[in-house]
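Chain by chain, the residues:
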Amino acid sequence: MLEHRDDYPSEWAAITALSKRLGMTAETLRNRIRQHQVDGGDRDGVSSAAAEIRALKRRNAELTIEILKAATTFFARESDPRHR
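Just so it is clear, the model here is predicted, and its values are computed rather than measured.

Conventions we followed
Residues numbered from 1 in each chain as written. Predicted model: local features only at pLDDT ≥ 70, side-chain atom pairs only at ≥ 80, totals over all residues. Heavy atoms only, no water. Phe/Tyr/Trp six-rings, centres within 6.5 Å; stacked < 30°, edge-to-face > 60°. Buried < 20%, exposed > 50% of the residue type's maximum accessible area, 1.4 Å probe, protein only. Salt bridge = Lys/Arg side-chain N within 4 Å of Asp/Glu carboxyl O. Helix = DSSP H or I, 4+ residues; strand = E, 2+ residues; numbered from the N terminus. Polar contact = N/O pair within 3.5 Å; in protein donor to acceptor, adjacent residues only side chain to side chain. Contact = heavy atoms within 4.5 Å.

1. A closer look at the packing of aromatic side chains
By the definition in use, this model includes 1 aromatic pair. For the ring pair F74 and F75, a centre distance of 5.1 Å and an interplane angle of 75° mean the geometry is edge-to-face. Owing to a relative accessible area of 43%, F74 belongs among the partly exposed residues under this scheme. Residue classification places F75 among the exposed positions, given a relative accessible area of 53%.

2. Focus: the pattern of salt bridges
Taken as a whole and judged by the stated rule, the model has 5 salt bridges. R82 serves as the salt-bridge partner of D80, at 3.3 Å between the closest nitrogen and oxygen. Bridged by salt links that share partners, the residues R59, E62 and E66 form one connected network.

3. Looking at the side chain of R34
Mapped onto the elements of the fold, R34 is located in helix α2 (residues 26-39). Overall, R34 belongs to the buried group, its relative accessible area being 17%. At a separation of 3.2 Å, a polar atom in the side chain of R34 contacts the side chain of E11. The residues contacting R34, other than those within four sequence positions of it, are E11 and R43.

Read these as layout, nothing more, since geometry by itself doesn't imply function.
Listed below in structure tokens is the structure:
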């Protein structure tokens, strides 16, 4: 898209025209362009890598909680004298 920006009267006009050719909404293409600029260091914001790391840390914490709950249930059942 960035190569074709000068072929249109505005950036939004270029995004709108190209998004139709690509079969996506103009807003989706605009967001992808902005993210590409952030990832390339041309624009301020959170990079894709940083966002992915944050999501992975969140998922890791969720899995840790699930494991601790399962372990607690297991040991509580094993400690229960009625279980034997």
